[in-house]
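Chain by chain, the residues run as shown.
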Amino acid sequence: MATPKEIKRITTHTLQNLKAEGVRISMLTAYDFSMARIFDDAGIDVLLVGDSASNVMAGHETTLPITLDQMIYHAASVVRAIKRCLVVVDLPFGSYQGNSKEALVSAIRIMKEAGAHAIKLEGGAEVIESVRRIISAGVPVMGHLGLTPQSIYKFGTYAVRATGEVEALKLKEDALLLQEAGCFAIVLEKIPAQLAGEVARSVTIPIIGIGAGNQVDGQVLVMHDMLGITRQFQPRFLRRYLNLYDKIKQATEKYISDVKEREFPSDHEQY
Ligand code: KIV
């Protein structure tokens, strides 16, 4: 079921209502004006300017290298494109872990310079002071638990998280803590579906899953994965809705051949 068209603007409150009404929330990543315009026109609920920009836009191996300035550039481009959806922007690695004042300054820069509607950060108890401080300044915060890619060097692997009792218990406690601190939603990444469902039922704020099964309140995918622009990344949770890599490659090959063969431009395509 699509989010009702009479909702002119998606806010954090809309998301709460969608959860209460049992309507699933759709979320995708976006990093530029043109794609954000298409997703917004299609009726997406939330666009996440993810720090996955570090991987899919800049070609880094991890999300760690992207800077706050670079995130603001991507976020401002997305905000300029949209009319209806909620735009959430990742605080990049190194912009909030130092202390809560640094976290607040980074969040304010994203809100002021990009015109974003909310920020997302990774972690639970470790970052709770920052979460509280950012929210008390009036900035909505989305949490992110489970596989948190900014901690990849601590985890050592992109495997499913919280399969053991200790980590699962901490994750459930962290979700409650983030809700109590005032987060408006939480992303759960790559954890068992059963655990994600338990968390979703234990809180009143929306839980958005990526590789977290179908018992949560919404789903998010990285746009390059959903559209089949990336090819090597093939986790079990990913459904590709297009094979854009091949389609773009074929179109480019045809363009090259038309240029070489003097087929383009034709008489109708010149002045
Ligand atoms: O950066 C990102 O794209 C994300 C999603 C995977 C949730 O955080």
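Since the structure is predicted, the reported quantities are computational estimates derived from the model, not experimental observations.

Rules behind the numbers
Note that residues are indexed from 1 along each chain, following the sequence as it is written. Thresholds applied to this predicted model are a pLDDT of at least 70 for local features of residues and 80 or more for the giving and counting of side-chain atom pairs; totals over whole chains, interfaces and linings are not thresholded and use all residues. In computing side-chain values, all of the structure's heavy atoms are included and hydrogens and water are not. Note: domain ranges come from an automatic or database domain assignment. Any residue with a heavy atom lying within 4 Å of a molecule or strand is counted as near it. N or O atoms within 3.5 Å of each other form a polar contact, as long as, within protein, one can give a hydrogen and the other can take it, and as long as residues adjacent in sequence are counted only when both atoms are side-chain atoms. Each accessible area value is a Shrake-Rupley result obtained with a 1.4 Å probe; residue values ignore everything except the protein chains displayed when judging cover. Residue type decides the class: Asp, Glu, Lys and Arg count as charged, Ala, Val, Leu, Ile, Met, Phe, Trp, Tyr, Cys and Pro as nonpolar, and the leftover types, Gly among them, as polar. Throughout this description, the term nonpolar core refers to a set of buried Ala, Val, Leu, Ile, Met, Phe, Trp, Tyr and Cys residues connected via side-chain atoms within 4.5 Å. Exposed residues in this analysis have more than 50% of their type's maximum accessible area, buried residues have under 20%, and partly exposed residues fall in between, with area computed by a 1.4 Å probe over protein chains only. For the purposes of this entry, the term helix denotes a DSSP run of H or I that reaches at least four residues, the term strand denotes a run of E that reaches at least two, and both are numbered from the N terminus. Here a residue-residue contact requires only that any non-hydrogen atoms of the pair lie within 4.5 Å. Here, a disulfide means two cysteine sulfur atoms that sit within 2.5 Å of each other. Salt bridge criterion: a side-chain nitrogen from Lys or Arg within 4 Å of a carboxyl oxygen from Asp or Glu.

### Details of the domain arrangement of the chain
Working step 1: Its domain assignment divides the chain into domain 1 (4-240) and domain 2 (244-271).
Working step 2: The distance between the C-alpha centroids of domain 1 and domain 2 comes to 39 Å.

### Re the site of the ligand
Working step 1: Around the ligand, the surrounding shell consists of Thr29, Leu48, Gly50, Asp51, Ser52, Asp90, Lys120, His144, Val187, Glu189, Ile210 and Val222.
Working step 2: The separation between an oxygen atom of the ligand and a polar side-chain atom of Ser52 is 2.5 Å.
Working step 3: Burial of the ligand by the protein chains amounts to 96% of its free accessible area of 260 Å².
Working step 4: For the shell around the ligand, the per-class residue count stands at four nonpolar, four polar and four charged.

### Overview of the nonpolar core
Working step 1: Within the largest apolar cluster, 65 residues are counted, with the highest numbers of intra-cluster contacts made by Phe39, Leu47, Ile119, Leu121, Val131, Ile134 and Leu188.
Working step 2: Looking at this core element by element, the count peaks at eight residues for helix α4 (residues 68-81).
Working step 3: With residues up to four places along the chain from it excluded, the contact list for Leu188 reads Leu145, Leu171, Ala196, Val199, Ile207, Ile208, Gly209, Ile210 and Ala212.
Working step 4: Of all hydrophobic cores here, the second largest spans 18 residues; its members include Ile25, Ala118, Met142 and Val187.

### As for the state of the cysteines
Working step 1: In this structure the tally under the stated criterion is zero disulfides.
Working step 2: We note that Cys183 lacks a disulfide partner, and the nearest cysteine sulfur, in Cys85, lies 20 Å from it.
Working step 3: We classify Cys183 as buried; its relative accessible area is 3%.

### Concerning the side chain of His74
Working step 1: On the secondary structure map, His74 appears in helix α4.
Working step 2: Non-local contacts of His74, meaning those with residues more than four positions away in its chain, are made with Tyr31, Val49, Ala53, Met57 and Ile66.

### Things to note about the environment of Gln16
Working step 1: Examined against the element boundaries, Gln16 turns out to sit in helix α1 (residues 12-21).
Working step 2: Expressed as a C-alpha distance, the spacing of Gln16 and Leu147, which sit 131 residues apart in the sequence, is 24 Å.

### Section: the pattern of salt bridges
Working step 1: Evaluation of the coordinates by the stated rule reveals 11 salt bridges.
Working step 2: Linking Lys19 and Asp217 is a salt bridge whose minimum nitrogen-to-oxygen distance equals 2.9 Å. Of this pair, Lys19 sits in helix α1 while Asp217 sits in the loop between β7 (207-210) and β8 (218-221), and the two are 198 residues apart along the sequence.
Working step 3: Lys19 gets classed as buried once you look at its relative accessible area, which sits at 15%.
Working step 4: Its salt-bridge partner being Lys249, residue Glu253 comes within 3.2 Å of it at the nearest N-O pair. Taken together, the residues span about one helical turn, with Glu253 and Lys249 both in helix α11 (residues 244-260) at a distance of four residues.
Working step 5: Classification of Glu253 by relative accessible area gives partly exposed; the value is 43%.

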